[in-house]
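# Close look at the chain arrangement
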Amino acid sequence: MTSTATSNAPSTVGAAVRESGVPGSEESHGTRVRRKDGELVLTGHGGYLDDVELPGLLHAAVLRSPHPHARILAVRTRDAAALPGVITTLTGEQALSLSGPIPHYFDPAVAGDRTADFRCLAAGKVLYAGQPVAAVVARTLNDAEAAVAAIEVDYEVLPFVTDEDEALAEGAPVLFEDWGDNLLIRSAFSEGDVEGVFASAAHTLQDEVRIQRYQTAPMETRGYIASWGPGGQLTFYGSNQNPHPLRSNLATSLGVPETKIRVLATRLGGGFGHKFHGYPEEPLVCVLSKLTGQPVQWLETRADAMLVGAREMVHRIEIAFEDDGRIVALRDRIRANIGALGSMAGWGMSFVAGMAFPGPYRVKNYDIESLAIVTNKAPWNGARGYGKESAALALERMVDLVAQKLGMDPVEVRRRNFIESHEFPYWTAAKRLDSGNYAGVMDKVVALSGYNERRKEQEQAREEGRLLGVGVAFELTPEGGDFPGDLVRGFDTSTVRVDPSGDVRVLTGVTTPGTGNETGIAQIVAAELGISVDDVAVYQGDTDMCPYGYGNASSRSLNAGGGAALLAARDVKERMRAATGVLLGEDAAGLVFDHGWITAPSGKRMSFSEVSRLVFTQSVAIPTLDQPQLESTRTYGPTNLLHVPDEKGRVSPYPTYPNSGHIATVEVDRDTGVVTILSYAGVDDCGTVINPTFVEGQFLGAIVMGIGGALWEELPYDASGTNTANTFKQYLMPRTPDLPEIRVGSQVTPSPFTLLGTKGAGEGGVAGAVACIANAVNDALLPLGVTAHQMPLSGPRVLEAINKAATRGILR
Amino acid sequence: MIRTSLRYHAPNSLPEACQILAEAGGGGAVIGGGTIVVPRMTRGEQSVTDAVHIRRLNLAAIETGGLGVRVGAGVTYTDLLNAPAGDLPGLLVTMAGGITGGRQIRNQGTLGGSACYANPSSDVPACLVALDAMLHVQGIGGPREIRAADFFVDAFSTDLRLDEVLTHIHVPDRRARAGYAKLKLSESSWPIATATAVAQFGQDGSRSYRLVLGGVAAVPVEVDLESLVDRDGALALDAEDAGDLLHASVEEALLEPWADELAPAAYRRQVAAPVARRALNQLNKEIER
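Here the structure is a predicted model, which means the values were calculated and not measured. (Residues numbered from 1 in each chain as written. Chains lettered and ligands numbered in written order. Predicted model: local features only at pLDDT ≥ 70, side-chain atom pairs only at ≥ 80, totals over all residues. Heavy atoms only, no water.)

## A word on the interface of chain B and chain A
Of the residues lining the interface, 24 residues belong to chain B; the matching set on chain A comes to 23 residues. For the pairing of chain B and chain A, the buried interface totals around 2200 Å² over both sides, and the portion due to carbon and sulfur atoms is 59%. Linking chain B to chain A there are three salt bridges. Residue A:Glu145 is joined to B:Arg3 by a salt bridge in which the shortest nitrogen-to-oxygen separation is 3.2 Å. Joining chain B to chain A, the criterion identifies ten residue pairs in polar contact (both at pLDDT 80 or more). Sorting elements by how many residues they give to the side of chain B that touches chain A places helix H10 (residues 265–288) of chain B first, with five residues. Per-class residue counts for the side of chain B that touches chain A are eleven nonpolar, seven polar and six charged. (Contact = heavy atoms within 4.5 Å. Buried area = accessible area lost by both parts, 1.4 Å probe. Salt bridge = Lys/Arg side-chain N within 4 Å of Asp/Glu carboxyl O. Polar contact = N/O pair within 3.5 Å; in protein donor to acceptor, adjacent residues only side chain to side chain. Helix = DSSP H or I, 4+ residues; strand = E, 2+ residues; numbered from the N terminus. Nonpolar A, V, L, I, M, F, W, Y, C, P; charged D, E, K, R; others polar.)

## As for the state of the cysteines
By definition, a disulfide is the covalent link that joins the sulfur atoms of two cysteine residues. On inspection of all chains with the given rule, the structure shows zero disulfides over all chains. There is no disulfide at A:Cys286, and the cysteine sulfur nearest it, in A:Cys120, is 9.4 Å away. A residue is classified by how much of its surface remains accessible, and A:Cys286, at 0% relative accessible area, is buried. B:Cys18 provides the cysteine sulfur closest to B:Cys116, a residue in no disulfide bond, and the two sulfurs are 12 Å apart. Of the residues examined, B:Cys116 reaches a relative accessible area of 28% and is grouped as partly exposed. (Disulfide = S-S within 2.5 Å. Buried < 20%, exposed > 50% of the residue type's maximum accessible area, 1.4 Å probe, protein only.)

## Here's the deal with the packing of aromatic side chains
All names here are of chain A. All chains considered together, the criterion is met by 20 aromatic pairs over all chains. Look at Tyr-224 and Phe-236: their rings are 5.5 Å apart centre to centre, the planes differ by 35 degrees, and that puts the pair in the tilted class. Remark: Phe-236 occurs in strand S11 (residues 234–238) and Tyr-224 occurs in strand S10 (residues 223–228); sequence separation between them is twelve residues. Taken as a pair, Tyr-224 and Phe-236 share a single burial class, namely buried. An angle of 55 degrees between the planes, with centres 5.5 Å apart, marks the rings of Tyr-438 and Phe-474 as tilted. Of this pair, Tyr-438 sits in helix H14 (residues 438–449) while Phe-474 sits in strand S19 (residues 467–476), placing them 36 residues apart in sequence. Across the pair, Phe-474 and Tyr-438 agree in class, each one buried. Feature note: the residues Tyr-105, Phe-106, Phe-276, Tyr-386, Phe-483 and Tyr-654 constitute an aromatic cluster, connected by ring pairs. When the ring centre of Tyr-279 is taken as reference, the NZ or CZ atom of Arg-222 above it lies at 3.3 Å. The ring of Trp-228 is capped by Lys-290, whose NZ or CZ atom sits 4.1 Å from the centre of that ring. (Phe/Tyr/Trp six-rings, centres within 6.5 Å; stacked < 30°, edge-to-face > 60°. Lys NZ or Arg CZ within 6 Å of the ring centre and 35° of its normal.)

Have a look at this one:
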């Protein structure tokens, strides 16, 4: 895979930062500064959770339930405890008094009326195969795992349910008895006269799109280390995306003052939502360390990681449209199979999957319902796309079906329905879209992909009897979500601190999953202070060092943490300016900060580092050099958040809306159903770009993740209620030979609601890629008169669709 | 992590290796490249008391003799790829180059190890059957020779006894022309279906063909090609009824298709014939060259 950047915007010096805070323009691309620590990561010296070495470190292993639903009658650990190297064992009953319920990442009770408590080890009942039941601590992981195998558990096996429709049916086994049924929450989003418009529209279509259970499979799995100090201080190392909220929640679970806990988020080998907090193993290692009096580590195996679900939904969707291709109404009934809930962040994806409608289109009548249904599968956590990929797939499939029905080009149908640039900010039931030029993005991707050529190739191929498809898709990605009531917020806090040497430290509450946002933040601060990026160090992930923040989620790092750092840098700059004015005897207002120098119009100048040194060494001593504090902490969040419903009952929990257009060609092997991607082009618009290299890297990665989800990745359950994909031989991730050259381009439409004009990059691209590949495959199947709407579109699934054509006599 | 204490052995002689395996009973495991046994132990899928590494047994040679070639059990896929041209049947080289897992696996994994693991979804078993290879094993009772077609007993099960070590694989005719087709769902997928078509030429100019399918059943499946051979002894693949004839032959041979997480039995049944046809077409092209 290679990337071909087509943006012709020139690189400018420094980040795309406006003194006035006015958002940048199309030309304001940032610079391709190399990633801080990039060499360390590439050469294997980055250091991850498993590289943390503590004296006396012990290892934990977890016994997991083999049953999807069962009552725990007895747990016997005596034999296990007697095995070599074993220090201690712990059962769910024993853990009850040591750790309370784990606070939810998103408590469903904040949005609805149901919730449930989850603990570090199951006591009473297990709700999914793989649920932690008991734990062992031993000197080595080998001994710990051997001892786990020796623990005996008596279960009373209960009826279970893994299908979301069956879970809602009368008489289904109920996971949480006090609920009475298995419906966690219903989210609904509607506007206009849906009934009426469906009745009067020229055309209507309905279809079903089924999305498989799959996840993000970060290269580094999770891991945690807990270590208690003699004064009752807990140090917690975690491969985790949100160290401060995790600290708060550990304090709650463990009943320990928050001031006694320090969480250190280690360097992440990928996050993607898999490392949002709320997992049972987080308090578990703390309890085990407390019991043993030594540091305890737990590492997630790949099989453990593959228990974590996401994305499994079915859309039953209807669309109404006119002869000219205008979509006039939408109805969707979404059912999300969220597994056994848990305290992690997964269920919220069902909310977002509904909220994301009607995407980039001007549809005034819609009625969307999304049900989060609990089943005896392992719980979800967040997964990049966070439900937006689900909505995009269903919606974009339907738009293609509209084009097909009318005999129109799918690009044209999209053009006719896009919200236009002059309509922003644009309201839907639960979004106020910030800004955009969707048609412009579509034009760019049409050009980049050579769309018309691709269509000609397709025509030729079809004459030869080949199944070649061209897929078109558009993605709108709500970002920067702010959810009052939980520790998931849109704002964040950064400190900018100047050392006597003139070096600058930024301490921020946002963390990085490995995307390079530390370098982006350094670029913003360096540009503001007129110094080199190399002279700015960024500190993240240490709760004792950094201001309280919400970590890594929803592509918010530069919007929030970067914006806060810019405000703090401006404060510091004003103090440096005043000091320099005194030291040079010049008017402070005219001073210019550039390339490490602070220069007056007269030409008199002093270096940034010299001014810093003098502020530390001469303040107060020199008359009027009286601002010795070269440090500021500021909090910032995008302003397009509306939590109090307006007169029409509308709210907007997401402030920014990056978007992207995708076009791909695929060929389907008629005999085997196997799909080969021939070409791929994507153009994204995430507002102002601070570092194009990172944005392109994230966009490429997102596209590949979308391709993997569209074609191969799946976590299937067997008849016994067990996940059968435990390794990368069953869970097929894309590899380089699976991918074509991916061409990416960009457009810049700044957000008027963020300090920098940024909209957020990182998550965007997954949704468009899933939808684009699904549309391409279905376009390839068009001559056969069949659709393939059960994801992923792997060989067997596509061949199943082809077989439908054969039985209808269309084929051969 | 490997949960059990185990003894690691690197014996200097075959008798010693066989003795260790005999004493270990079911707890012994022979390690060639370790690409199968070690991850299985790490995941707790296989419990081993005695791991017997063959690295000191001098089993890594490729030796030609007459028309045939003898491939040591410790020969890696990379060794196969690097062998001098003509030393090996082209099929083995093609197959080795397409092994899933990339360079690390090809450098470490061995042809013999894969044969002994007998994974239905591996490239190796069907190739060995198609080449009519002979597997030479050594046990406490002495050496044995087992035809590839008899070696693979069931999924993950071979004719090897607990005390036996595979020493080498003998391929009788290294000039055999072959066509090889493989269906995978993606690059990292195990093969879902493979087809190996081999032609052998007699001194009198006669030809004989074999078609062996892999991945589609617990063990390699040999398909009768008689109906496709014309009067001149050529494979008549362009005949109007060739597709149907091949389909019928495959149906007849493939009694119980394999199923796993990646593909159900019905899928394997349906793709077996098209994959076979690709191998046969390739074989015809090879013959024409």
